[in-house]
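A closer look at the structure
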Amino acid sequence: MSDTATGGGPDRQPIWSRPERGSRGPAPGHSRDSLVVAAIALADTEGLAAVSMRAVAAAFGTGAGSLYRYLSSRDDLLDLMTDRAVGELRPYPQVEGDWLETMVLLGRRQLALFGAHPWLLDVIHRPSGIGPESLAWFDNCLRVLEPVRCPVAAKFEAIAMTTGVMSLFARRDSAGAFSFAGVDLAAYPHLVPAFNQPPGPAPRADLVERTLRSLLTGLLLVESTEAG
C-alpha cells in the first residue's frame, strides 16, 4: 500500500472518531499512540519528509502493511502527530490578573512548541488535524478571554491570528537573521537614510510580546468598544 492510498480525501472520517484498530486480523502488537510517538521522534530528528508509513513501521521492525491495522493513511498519522504535539501545551496556565498577560504567555508557549517541533509549522493549519487537543486549546483560550466583552467571532479571530503570528516568528527564527551586508543600497533612496538614522531607545519588551499585545488589543478591545 502507498502512504496515501486509503482513507484520504476531505470527507474522510476523522481518525479520532474511528476505533483504535480494525475488527479483523490478528491481535495488535502495538498501539496507535506508540506509532505516533515514533513518528514524532522521526520528524524531530530527520524532518517531516522522512515520516512515511514504511519508515515508522521499520522503527518497530515490521512492514508498512502492518500499520494499516491502526491507520488508513499517512494523513491519519500526520493528524495524530499534530494533535499529540499540541497536547504538549498543557498544563494550561491559570488566569492570574490580566487576560492579556495570560494570552501573551500562551503565545510564547506556542512559539516554544514550534521550536521543539519545527515540522509542526507545515501541518498545524491542516483542517483535518483539528483534534481533541487542538479543540481543548481553543476552549482554554476562550476561557482566558471570558472577561473581554466583544463578539465571539473576534475572539476566534484573535486566537487564530495568535497562532499564525507565532508560526511566522518560528519560521523567522529557523531561517536566521536577515542581513543587507554586501547589498548596494544606492538605488533605494529611502533605505539609505533609514540605515543612517541613530538607533532609538531599546523597547521595554521584545518584538514577540509587543506584537502579541498590539494584535490582541487591536482585535479585541476595538471590537469591545464598538460592541458597547
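Reference entry: report on the structure contained in this document. Computed from a predicted structure; not experimentally measured.

1. Let's talk about helix α4 (residues 99-116)
In this model α4 runs 26 Å from its N-terminal to its C-terminal C-alpha over 18 residues, within 8% of the 26 Å that 1.5 Å per residue would give. Residues of α4 that are buried: Trp 99, Leu 100, Thr 102, Met 103, Val 104, Leu 106, Gly 107, Gln 110, Leu 111, Leu 113 and Phe 114. Between a side-chain oxygen at the N-terminus of α4 and the backbone nitrogen of Leu 100 the separation is 2.8 Å; the capping residue is Asp 98.

2. Some words on unusual backbone geometry
Residue Pro 91 follows Arg 90 across a cis peptide bond; omega there is -5°. Considering the arrangement of structural elements, one finds Pro 91 in the loop between α3 (74-86) and α4.

3. A few points about the packing of α4 against helix α5 (residues 132-144)
Interhelical geometry of α4 versus α5 gives an angle of 155° and a closest axis separation of 9 Å. Considering the angle they form, α4 stands roughly antiparallel to α5. Only Trp 137, Asn 140, Cys 141 and Val 144 of α5 make contact with α4, whose side of the interface consists of Trp 99, Thr 102, Met 103, Leu 106 and Gln 110. Along the lines of polarity and charge, the residues of the contact of α4 with α5 split into six nonpolar, three polar and no charged.

4. With respect to the pattern of salt bridges
Taken as a whole and assessed by the stated rule, the structure comprises 11 salt bridges. With its nearest N and O atoms 2.9 Å apart, the salt bridge here joins Glu 209 to Arg 213. Remark: Arg 213 and Glu 209 occur in helix α8 (residues 207-227); sequence separation between them is four residues, near one turn of the helix. Look at Arg 213 and you get partly exposed, because its relative accessible area is 23%. Within this structure, Glu 101, Arg 108, Asp 206, Glu 209 and Arg 213 form a network of salt bridges that share partners.

Quick notes on the rules
Residue indices begin from 1 for each chain and proceed along its sequence in written order. Whole-chain, interface and lining totals are the exception, using all residues; otherwise, since this is a predicted model, local features are given only for residues with pLDDT of at least 70 and side-chain atom pairs are given and counted only at 80 or more. For side-chain calculations, the full set of non-hydrogen atoms in the structure is used, while hydrogens and water are omitted. Runs of H or I in DSSP of at least four residues are treated as helices and runs of E of at least two as strands, each being numbered from the N terminus. Here, expected helix span is obtained from the residue count minus one, scaled by 1.5 Å. Three exposure classes are used, based on accessible area relative to the maximum for each residue type with a 1.4 Å probe and protein chains only: buried under 20%, partly exposed in between, and exposed over 50%. Pairing of N or O atoms within 3.5 Å defines a polar contact, subject to two protein rules: one partner must be a possible hydrogen donor and the other a possible acceptor, and residues neighboring in sequence count only if both atoms are side-chain atoms. Helix axes are fitted only over the stretch in contact, all axes being lines through C-alpha atoms; the angle between N-to-C directions runs from 0 to 180 degrees. Should an angle fall under 35 degrees it is called roughly parallel, over 145 degrees roughly antiparallel, and 65 to 115 degrees roughly perpendicular, with every other angle called oblique. Here, residues are in contact when the closest pair of their heavy atoms is within 4.5 Å. Side-chain classes follow a simple rule in which Ala, Val, Leu, Ile, Met, Phe, Trp, Tyr, Cys and Pro form the nonpolar group, Asp, Glu, Lys and Arg form the charged group, and the remainder, Gly included, forms the polar group. Take a side-chain nitrogen of Lys or Arg and a carboxyl oxygen of Asp or Glu: if they are within 4 Å of each other, that pair is a salt bridge.

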